There are 2 protein chains.
Amino acid sequence: MMSPSKQAYVPFVSVANMMKLVHAIGVEQVMIDLAAEIEADFRRWPLFDKTPRVASHSDVGVIELMPTSDGETYGFKYVNGHPSNMKRGLQTVTAFGLLADVATGYPLLLSEMTILTALRTAATSAMAAKWLAPKGAKTMALIGNGAQAEFQALAFKAVCGISEIRLYDIDPAASAKCAANLAGCGLKVVSCDSAEQAILGAEIITTVTADKQYATILTDNMVGAGVHINAVGGDCPGKTELHKDILTRASVFVEYPPQTRIEGEIQQMDPNFPVTELWQVIAGTAAGRRAARDVTLFDSVGFAIEDFSALRYVLGKLASLGLADQLDMIADPDDPRDLFGMLMRAA
Amino acid sequence: MMSPSKQAYVPFVSVANMMKLVHAIGVEQVMIDLAAEIEADFRRWPLFDKTPRVASHSDVGVIELMPTSDGETYGFKYVNGHPSNMKRGLQTVTAFGLLADVATGYPLLLSEMTILTALRTAATSAMAAKWLAPKGAKTMALIGNGAQAEFQALAFKAVCGISEIRLYDIDPAASAKCAANLAGCGLKVVSCDSAEQAILGAEIITTVTADKQYATILTDNMVGAGVHINAVGGDCPGKTELHKDILTRASVFVEYPPQTRIEGEIQQMDPNFPVTELWQVIAGTAAGRRAARDVTLFDSVGFAIEDFSALRYVLGKLASLGLADQLDMIADPDDPRDLFGMLMRAA
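Structural notes, computed from the coordinates. (Residues numbered from 1 in each chain as written. Chains lettered and ligands numbered in written order. Predicted model: local features only at pLDDT ≥ 70, side-chain atom pairs only at ≥ 80, totals over all residues. Heavy atoms only, no water.)

**Some thoughts on the overall build of chain A**
Phase 1: Looking only at helices and strands, one finds 11 helices and 17 strands in chain A.
Phase 2: Taking 20 Å as the expected radius of gyration for a compact globule of 347 residues, we find that chain A reaches 21 Å, a close match to that expectation.
Phase 3: A principal-axis box enclosing the C-alpha atoms of chain A has dimensions of 70 × 45 × 40 Å.
Phase 4: Counting over 347 residues, chain A shows a buried share of 61%.
Phase 5: Contacts in chain A between residues at least 24 apart in sequence constitute 72% of all its contacts with a sequence separation of at least 6.
Phase 6: On chain A, roughly 12000 Å² of surface is accessible, and the fraction owed to carbon and sulfur atoms is 52%.
Phase 7: Both charge centroids of chain A, one from 29 positive and one from 39 negative side chains, sit 4 Å from each other. (Helix = DSSP H or I, 4+ residues; strand = E, 2+ residues; numbered from the N terminus. Rg over C-alpha atoms; globule rule 2.2 N^0.38 Å. Buried < 20%, exposed > 50% of the residue type's maximum accessible area, 1.4 Å probe, protein only. Contact = heavy atoms within 4.5 Å. Areas by Shrake-Rupley, 256 points an atom, 1.4 Å probe, with all protein chains shown as cover. Lys, Arg positive; Asp, Glu negative; His and termini not counted. Charge placed at Lys NZ, Arg CZ, Asp CG, Glu CD.)

So, in structure tokens, the structure goes:
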């Protein structure tokens, strides 16, 4: 049996290697880099093939495929969302992703994306806030202190210059975990007993809770003039975090409207509820924050282009960092029409 | 750093291990087993989540995701189709696939599927012919002698009792390769100089050509009464093999009409062109072949449920055969909310 050619192997970034990659670069630098990569891809947004993610729902969660392509490279992510997993000691969200060459359809990279999704979600939030939050914002309330919380805190520090994080979670143990993890990172961290206390003095409010239900993490009277809300947790049908009165009052920015209208906070609103696509703010074709007293809301659900940017970033780092295994995933007969012969010769 | 738990690992079947698995069981037995698995899943067809595959088209090919779920297990396949790849020495079709637990969203299996797709496509064709072809058929014309050809020949031998295969390809080298690979397998193999010659005496005609264009591999006058046509090659928009007059005359059977109307031979016909879903024939709610003189046509494009059946078959074999590597693909912190802590402790 001949050895497979180089084409037969797909570079694979394992969880262990993804962690090594993050530490080789530094987690805050990764946030800065990812925010820049995602912003660059949002700037060329019209170029991409876009589709709402392909979701398979069950009573306990959802499994989604999120494909996109820029015409040269194709990418997709597999991701689940199972809030009940936590009780079993499992992650709510796990993910992996792939890049492929559009010209041949051959995979270029397979990568863990549980960690990478956490990084890109936080980097996207911080990138959006750079465009939408009040200038000079220093304090962020962080409501929901689960798996995504520290990533949000560090991204806002690295990308937006936030210096104080005010934590609140219905489970004090989650806030304690988050505060312990953030100790020594250079942020002032304040643990709070209520959402009301957490938002005191905060120019940015991030909600990142995990329950799959219509929840009201923020009511209208909690949101003062001039605040930027980064709503991360409402990301599937039946799962929202904000009272709809906030949406009526805020300027709402979204990733991909056909997906956000199904999954985001605006699923509570009329199908024609006015929103601005974030990419247009970045491209200069739509206004972001118009006045200091505006309430801006990034109704984030996560879009395939962000995963594409993150996977391309990882692939770009492999040349210098290594950190990939080679997976024998693609059958590669010497004569491409002789797949059967290859199989028989392996006997 | 603690070692990841068992949940962090996903069994991965490489190309090398898939070949070992096929040889451990025997290729004809695999065809018989897969046909039975696919037939069993077709019998419970209404249970499955079904969607047309999610395709990303370019000038040179297509990349597709094919998801489905039976409510307990979720599966999807990544597959490309790039007819121009052959000129570069690459496969036209490469694929891999995944199974996951619907209850948790955690992957259960990652597998190469270039070889497995070739096996399941042939097994599906033979299973359909078992229901649709004339009883006692012994001779099959095989037009298009590329990567899928030998798999079709062996599946029809193993599942339908075909004893003679009549080969034709516009490239005689492809037929020579196919004939050489089939030597000694127990089939009488006849190489022919034209499609007309290949179909002489054939009760079953299989077309499995690869060009991405509207082609006419069979014209109406070539198809005699009582024949079963297994049309495998027409499987994406703009790619067909049969003259439309054949479709008008034949009883047409399909996998999933919303997908076949876009991708199959019937893309040439009116959107209301009558077809029968193959699963209904198997379940006993629709007629298959009605008379000896009927022309039956299985307009096969490949559907996600066939991949699901094949992946479940492979997963079921791993317990006894091994043949999987363990991929560190799922981040698995001790505390599911402490993904960031896991990342930091890895430093």
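**Some thoughts on the interface of chain A and chain B**
Phase 1: Taken together, the contact pairs 75 residues of chain A with 75 residues of chain B.
Phase 2: For the pair chain A and chain B, the summed buried area comes to about 6800 Å², and 71% of that belongs to carbon and sulfur atoms.
Phase 3: Per-residue buried area on chain A facing chain B is highest for A:Arg337, A:Phe340 and A:Leu343; these three make up 12% of the total on that side.
Phase 4: Where chain A touches chain B, the interface holds two salt bridges.
Phase 5: With six residues, the single largest contributor to the side of chain A that touches chain B is helix α11 (residues 339-345) of chain A.
Phase 6: Within the side of chain A that touches chain B, the residues separate by chemical class into 46 nonpolar, 18 polar and 11 charged. (Buried area = accessible area lost by both parts, 1.4 Å probe. Salt bridge = Lys/Arg side-chain N within 4 Å of Asp/Glu carboxyl O. Nonpolar A, V, L, I, M, F, W, Y, C, P; charged D, E, K, R; others polar.)

**As for the packing of helix α3 (residues 114-132) of chain A against helix α4 (residues 149-160) of chain A**
Residue and element names in this part refer to chain A.
Phase 1: Put simply, α3 and α4 touch, their axes get as near as 8 Å, and they point 45 degrees apart. Looking at the two axes, α3 sits oblique to α4. Between α3 and α4 lies a crossing whose hand is right-handed. Residue-level contacts link Ala 118, Leu 119, Thr 121, Ala 122, Ala 123, Ser 125, Ala 126, Met 127, Ala 129 and Lys 130 of α3 to Phe 151, Gln 152, Ala 155, Phe 156, Val 159 and Cys 160 of α4. (Axes fitted to C-alpha atoms, helices over the stretch in contact; angles between N-to-C directions. Parallel < 35°, antiparallel > 145°, perpendicular 65-115°, else oblique. Left-handed = near helix turned anticlockwise from the far one by under 90°.)

**A word on the relation of the copies chain A and chain B**
Phase 1: For the pair chain A and chain B, the superposition axis carries a translation of 0.0 Å, the fit reaches an RMSD of 0.0 Å, and the rotation angle comes to 180 degrees. Accordingly, the operation relating the two chain copies is best matched by a two-fold axis.
Phase 2: Taken together, the interface assignments show that 100% of the residues at the interface of chain A recur at the interface of chain B, consistent with an identical surface on both copies. (Least-squares fit on C-alpha atoms with pLDDT ≥ 70 in both.)

**Digging into the sheet that holds strand β7 (residues 139-143) of chain B**
Paired through their backbone hydrogen bonds, the strands of a sheet run either parallel or antiparallel.
All names here are of chain B.
Phase 1: With respect to topology, eight strands assemble into an open sheet ordered β9-β8-β7-β10-β12-β16-β14-β15, the strand pairing being parallel. Unpaired on one side and paired on the other, β9 (188-191) and β15 (276-277) mark the two borders of the sheet.
Phase 2: The sheet contact formed by strand β12 (residues 228-231) and strand β16 (residues 296-299) spans four bridges and is parallel. What sits directly across from Ala 231, in β16, is Asp 299.
Phase 3: Its contacts with the sheet put helix α3 (residues 114-132) on β10 (204-207), β12, β14 (251-254) and β16, and the angle it makes with β16 is roughly 155 degrees. (Pairing = 2+ DSSP bridges.)

**Examining the pairing of strand β2 (residues 54-57) of chain A**
Taken residue by residue, a regular strand's side chains alternate between the two faces of the sheet.
Residues and elements named next belong to chain A.
Phase 1: Because side chains alternate across β2, one face comprises the buried residues Val 54 and Ser 56, and the other comprises Ala 55 and His 57, none of which is buried.
Phase 2: One ladder, built from four bridges, connects β2 with strand β3 (residues 62-69); its direction is antiparallel. Paired with His 57 across the bridge in β3 is Val 62.
Phase 3: From the end of β2 to the start of β3, which pair antiparallel, there are four residues.

**Structural notes on the pattern of salt bridges**
Phase 1: Per the stated rule, a full pass over the model turns up 34 salt bridges over all chains.
Phase 2: The salt bridge partner of A:Glu263 is A:Arg53, with a shortest N-O separation of 2.5 Å. Placement of A:Glu263 in helix α8 (residues 257-263) and of A:Arg53 in the loop between α2 (27-43) and β2 is noted, with a sequence separation of 210 residues between them. For the pair A:Glu263 and A:Arg53, one class covers both residues: buried.
Phase 3: In this structure, B:Arg120 engages B:Asp307 in a salt bridge whose closest nitrogen and oxygen atoms are separated by 2.6 Å.

**Quick word on the sheet that holds strand β4 (residues 73-81) of chain B**
Residues and elements named next belong to chain B.
Phase 1: Pairing within the open sheet is mixed, and its seven strands lie in the order β2-β3-β4-β5-β6-β1-β17. The sheet is open, and its two edges are formed by β2 (54-57) and β17 (325-328), each paired on a single side. For this sheet the average axis-to-axis angle between neighbouring strands, irrespective of direction, equals 20 degrees.
Phase 2: As defined by bridge partners, strand β1 (residues 9-13) adjoins β17 across four bridges and the pair is classed as antiparallel. Each bridged residue has a counterpart across the sheet, and for Tyr 9 the counterpart in β17 is Asp 328.
Phase 3: Along the sheet face, α3 touches β3 (62-69), β4, β5 (95-101) and β6 (107-112) and points at about 85 degrees away from the line of β6.

**Notes on the packing of aromatic side chains**
Any pair of aromatic rings gets described here by the distance separating the centres and the angle formed by the planes.
Phase 1: Taken as a whole, this structure holds 19 aromatic pairs over all chains when the rule is applied.
Phase 2: On the basis of an interplanar angle of 20 degrees and a centroid distance of 6.5 Å, the ring pair of A:Phe76 and B:Phe96 is categorised as stacked. In this pair, A:Phe76 is assigned in strand β4 (residues 73-81) and B:Phe96 in strand β5, connecting two distinct chains.
Phase 3: Residue class for A:Phe76 comes out buried when judged on its relative accessible area of 1%.
Phase 4: Through a chain of ring-to-ring contacts, the aromatic side chains of A:Tyr74, A:Phe76, A:Tyr78, A:Phe96, B:Tyr74, B:Phe76, B:Tyr78 and B:Phe96 assemble into a single cluster. (Phe/Tyr/Trp six-rings, centres within 6.5 Å; stacked < 30°, edge-to-face > 60°.)

**Concerning the environment of A:Ala16**
Phase 1: For A:Ala16, the location among the structural elements is in helix α1 (residues 15-25).
Phase 2: Residue classification places A:Ala16 among the partly exposed residues on the basis of a relative accessible area of 25%.

**Regarding helix α1 (residues 15-25) of chain B**
In an α-helix there are 3.6 residues to a turn, and that puts residues three or four apart on one side.
Phase 1: Looking at α1(B), one finds that the buried residues are B:Val15, B:Asn17, B:Met18, B:Met19, B:Leu21 and B:Val22.
Phase 2: Positive backbone phi, approximately 100 degrees, marks B:Gly26, located one or two places after α1(B).

**What about the packing of α4(A) against helix α5 (residues 172-182) of chain A?**
All names here are of chain A.
Phase 1: Where α4 meets α5, the axes come as close as 9 Å, and the angle between the chain directions of the two elements is 40 degrees. In terms of orientation, α4 and α5 fall into the oblique class. Helix-helix and strand crossings are classified by hand; for α4 and α5 the assignment is right-handed. Every residue of α5 that contacts α4 at Ala 149, Glu 150, Ala 153 and Leu 154 is listed here: Lys 177, Cys 178, Asn 181 and Leu 182.

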